[in-house]
Number of protein chains: 2
Amino acid sequence: MLIHFEDIETEVLPGFRGGEGQYIRKCFSDENCKIMEGKLEPGSSIGMHTHTEDYEVIYVITGNGTIVNEDSREVIKTGSVSYCAPGKTHTVINDGNDDLIFFAVFPKTAK
Amino acid sequence: MLIHFEDIETEVLPGFRGGEGQYIRKCFSDENCKIMEGKLEPGSSIGMHTHTEDYEVIYVITGNGTIVNEDSREVIKTGSVSYCAPGKTHTVINDGNDDLIFFAVFPKTAK
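In this section: the side chain of Asn-32 of chain B. Mapped onto the secondary structure, Asn-32 of chain B falls in the loop between β2 (22–29) and β3 (33–40). With residues up to four places along the chain from it excluded, the contact list for Asn-32 of chain B reads Tyr-55, Tyr-83 and Pro-86 of chain A together with Phe-106, Pro-107 and Lys-108 of chain B.

Below, the structure written as structure tokens:
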């Protein structure tokens with residue numbers, strides 16, 4: 001089925017997970033996963049957090065930024081794909097000059 | 001971690017799952033999921049198949065096409081998101097005039 005993000009309410013989340021600025025997202029959710037379109041304006045970030053009950057795969061639609069993991073810093077740009085495996089920790093930072101817009105899938109891990 | 005598709009071998013799969021033409025992909029895989037960049041040239045398709053041990057979330061990077069599900073036909077274009085839930089059946093068809101390029105995540109379902 002198509003996920004029609006244009007019909008999903010936009011959430012504006014200030015200081016998301018302790019980050020700077022605000023995280024703007026549209027989120028589909030069911031028993032298997034969450035599917036999201038996310039936006040961070042320049043200077044905004046998602047704070048460092050650990051994926052305890054799911055994992056995350058990000059595809060960068062447009063913009064530039066940095067993903068900090070436990071053991072590395074990744075420069076991301078249009079077309080970058082970042083994978084935060086179950087139990088891993090990361091943050092997403094828009095340290096660029098344009099909006100950072102990304103598509104993300106959060107599959108739930110088996111209980 | 002970043003998935004560097006440019007370092008992953010390109011697979012060219014004729015008649016993939018009974019489809020027309022060939023399916024061209026780069027695929028990362030681990031114990032949790034597959035993460036893929038796929039390309040269908042005009043006239044190519046992935047044949048109808050059922051997701052028995054995983055599910056699939058597609059983000060269309062560029063191009064136009066059609067996804068046929070058990071009970072619907074979906075027109076897809078740049079930015080479209082299609083979700084094939086566990087146990088569901090679908091096909092992906094490039095019936096457009098340009099390459100259809102998409103990003104897809106295939107989370108494994110719990111055994």
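Turning our attention to the layout of surface pockets. Estimated volume of the largest pocket: approximately 280 Å³. For the largest pocket, the lining is made up of 13 residues, of which Lys-108 and Ala-110 of chain A together with Lys-108, Thr-109 and Ala-110 of chain B are closest to its centre. Among the residues forming the lining of the largest pocket, the class breakdown is four nonpolar, four polar and five charged.

This next bit is on the pattern of salt bridges. Residues and elements named next belong to chain A. Following the criterion strictly, the structure yields four salt bridges over all chains and no others. Here Asp-99 ties to Lys-39 by a salt bridge, and the two come within 3.9 Å at their closest N and O atoms. Highlighted residues: Asp-99 in the loop between β9 (89–93) and β10 (100–107) and Lys-39 in strand β3 (residues 33–40), separated in sequence by 60 residues. Looking at Asp-99, the relative accessible area reads 31%, which means it is partly exposed. Overall, Lys-39 belongs to the partly exposed group, its relative accessible area being 25%.

Our focus in this paragraph is the relation of the copies chain B and chain A. Mapping chain B onto chain A leaves a residual RMSD of 0.0 Å; the transformation is a rotation of 180° accompanied by 0.0 Å of translation along its axis. Taken together, these values place the two copies in the relation of a two-fold axis. Distance from the rotation axis, computed per C-alpha, reaches its smallest value in chain B at Ala-110 of chain B: 2.7 Å. Interface overlap between copies is the fraction of interface residues in one copy that are interface residues in the other; for chain B against chain A it reaches 100%, indicating a shared surface.

The next thing to look at is the pairing of strand β5 (residues 56–62) of chain A. All names here are of chain A. For β5, the tally of buried residues reaches five of seven residues, placing the bulk of the element in the interior. Relative to strand β8 (residues 81–84), β5 runs antiparallel, the two being bridged by four bridges. Following the sheet pairing, Val-57 is matched in β8 by Tyr-83. Pairing of β5 with β10, which is carried by five bridges, proceeds in the antiparallel orientation. Bridging from a neighbouring strand, Ile-58 pairs with Ala-104 of β10.

To continue, consider the nonpolar core. The biggest cluster of nonpolar side chains holds 27 residues, and the ones touching the most others in it are Ile-35, Tyr-83 and Phe-103 of chain A together with Ile-35, Tyr-83 and Phe-103 of chain B. Those elements that place two or more of their residues in this core are β3, β5, β8 and β10 of chain A together with β3, β5 (56–62), β8 (81–84) and β10 (100–107) of chain B.

Take the environment of Thr-109 of chain B next. Residue and element names in this part refer to chain B. When you line up the elements, Thr-109 lands in the segment after β10. Residues Thr-109 and Gly-87, spaced 22 residues apart in sequence, show a C-alpha to C-alpha distance of 9.8 Å. With sequence-adjacent residues up to four places away left out, Thr-109 is seen in contact with Thr-52, Glu-53, Asp-54, Tyr-55 and Pro-86.

Rules used throughout
Residue numbers here run from 1 along each chain, matching the order of that chain's written sequence. Each chain takes a letter, starting from A, and each ligand takes a number, starting from 1, following the order in which they are written. Only residues with pLDDT of at least 70 get local features here, since the model is predicted, and only at 80 or more are side-chain atom pairs given and counted; chain-wide, interface and lining totals rely on the full set of residues. To obtain the side-chain values, all non-hydrogen atoms of the structure were used and water was disregarded. Elements are defined by DSSP. Helices are runs of H or I of four residues or more, strands are runs of E of two residues or more, and each kind is numbered from the N terminus. In this description, contact between two residues means that some pair of their heavy atoms is separated by no more than 4.5 Å. Lining residues are defined by having an atom within 4 Å of a point belonging to a cavity or pocket. Those points lie on a 1 Å grid over the protein atoms alone, cavities being sets where a 1.4 Å probe fits but cannot get out and pockets being open sets with protein on both sides within 12 Å along at least five of seven lines. Grid points are joined across faces, edges and corners, and a volume is the space filled by probe spheres set on the points. Only Asp, Glu, Lys and Arg are considered charged in this grouping, and only Ala, Val, Leu, Ile, Met, Phe, Trp, Tyr, Cys and Pro are considered nonpolar; every other residue, Gly among them, is considered polar. One speaks of a salt bridge when a side-chain nitrogen belonging to Lys or Arg is within 4 Å of a carboxyl oxygen belonging to Asp or Glu. Exposure is judged per residue with a 1.4 Å probe applied to protein chains only, and the accessible area is read against the type maximum: over 50% gives exposed, under 20% gives buried, and values in between give partly exposed. Least-squares superposition aligns the copies on the C-alpha atoms of those residues with pLDDT at or above 70 in both. Strand pairing requires that DSSP identify at least two bridges connecting the strands. Think of a nonpolar core as a cluster: buried Ala, Val, Leu, Ile, Met, Phe, Trp, Tyr and Cys residues, connected wherever their side-chain atoms sit within 4.5 Å.

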